[in-house]
Amino acid sequence: MNPVYRYLFGRQLRKLRLERGLQQKAVAASLHISPSTYSNYENGVFLPDLETLLLLADLFEVSLDELAGRGELE
């Protein structure tokens, strides 16, 4: 996977979380993952699986395209 995509995804994930006033720990708990795993998503270390992507999109009430930060590439 292109590291630019991981970076953009992580940046978008952080933006969405902060806009909603959530802490990483709270998001991780709602996804049933460890806070360090969630932190790795935001830091672009790795990407979540499809099920987690869908849960994140539902949590933040955004489309998968918006969650992925696809608008940032245009």
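Below you will find a few notes about this structure. (Residues numbered from 1 in each chain as written. Predicted model: local features only at pLDDT ≥ 70, side-chain atom pairs only at ≥ 80, totals over all residues. Heavy atoms only, no water.)

### Topic: the nonpolar core
The biggest cluster of nonpolar side chains holds 13 residues, and the ones touching the most others in it are Phe 9, Leu 13, Val 27, Tyr 38, Leu 56, Phe 60 and Leu 67. Looking at this core, the elements that each hand over two or more residues are α1 (3–19), α2 (24–31), α3 (35–42) and α4 (50–60). (Core = buried A, V, L, I, M, F, W, Y, C linked by side-chain atoms within 4.5 Å. Buried < 20%, exposed > 50% of the residue type's maximum accessible area, 1.4 Å probe, protein only. Helix = DSSP H or I, 4+ residues; strand = E, 2+ residues; numbered from the N terminus.)

### Looking at α1
For α1, with 17 residues, the first-to-last C-alpha span of 24 Å sits near the 24 Å given by 1.5 Å per residue. Of the residues making up α1, those classed as buried are Leu 8, Phe 9, Gly 10, Gln 12, Leu 13, Leu 16 and Arg 17. As for α1, its buried residues are in contact with α2, α3, α4 and α5 (64–68). Put simply, Asn 2 is the residue that caps the front of α1, since its side-chain oxygen is 2.8 Å from the backbone nitrogen of Val 4. (Expected span 1.5 Å × (residues − 1). Contact = heavy atoms within 4.5 Å. Polar contact = N/O pair within 3.5 Å; in protein donor to acceptor, adjacent residues only side chain to side chain.)

### With respect to the packing of aromatic side chains
For the structure on display, the rule yields 2 aromatic pairs. Ring centres of Tyr 38 and Tyr 41 lie 6.4 Å apart, and the angle between their planes is 80°; on these two criteria the pair is classed as edge-to-face. On the criterion of helical spacing, the pair formed by Tyr 38 and Tyr 41 is a turn pair, its members being 3 residues apart in helix α3. Residue class for Tyr 41 comes out buried when judged on its relative accessible area of 5%. A centroid spacing of 5.5 Å and a plane angle of 90° characterise the contact between Tyr 41 and Phe 46, whose relative ring orientation is edge-to-face. One aromatic cluster in this structure is built from Tyr 38, Tyr 41 and Phe 46. (Phe/Tyr/Trp six-rings, centres within 6.5 Å; stacked < 30°, edge-to-face > 60°.)

### Remarks on unusual backbone geometry
Notably, His 32 is not glycine yet its phi reads approximately 60°, a positive angle. With respect to the secondary-structure elements, His 32 resides in the loop between α2 and α3. His 32 sits in the exposed class, given a relative accessible area of 73%. Residues other than glycine seldom take positive phi values, yet Glu 61 does so here, at roughly 55°. Among the residues examined, Glu 61 registers a relative accessible area of 73% and is labelled exposed.

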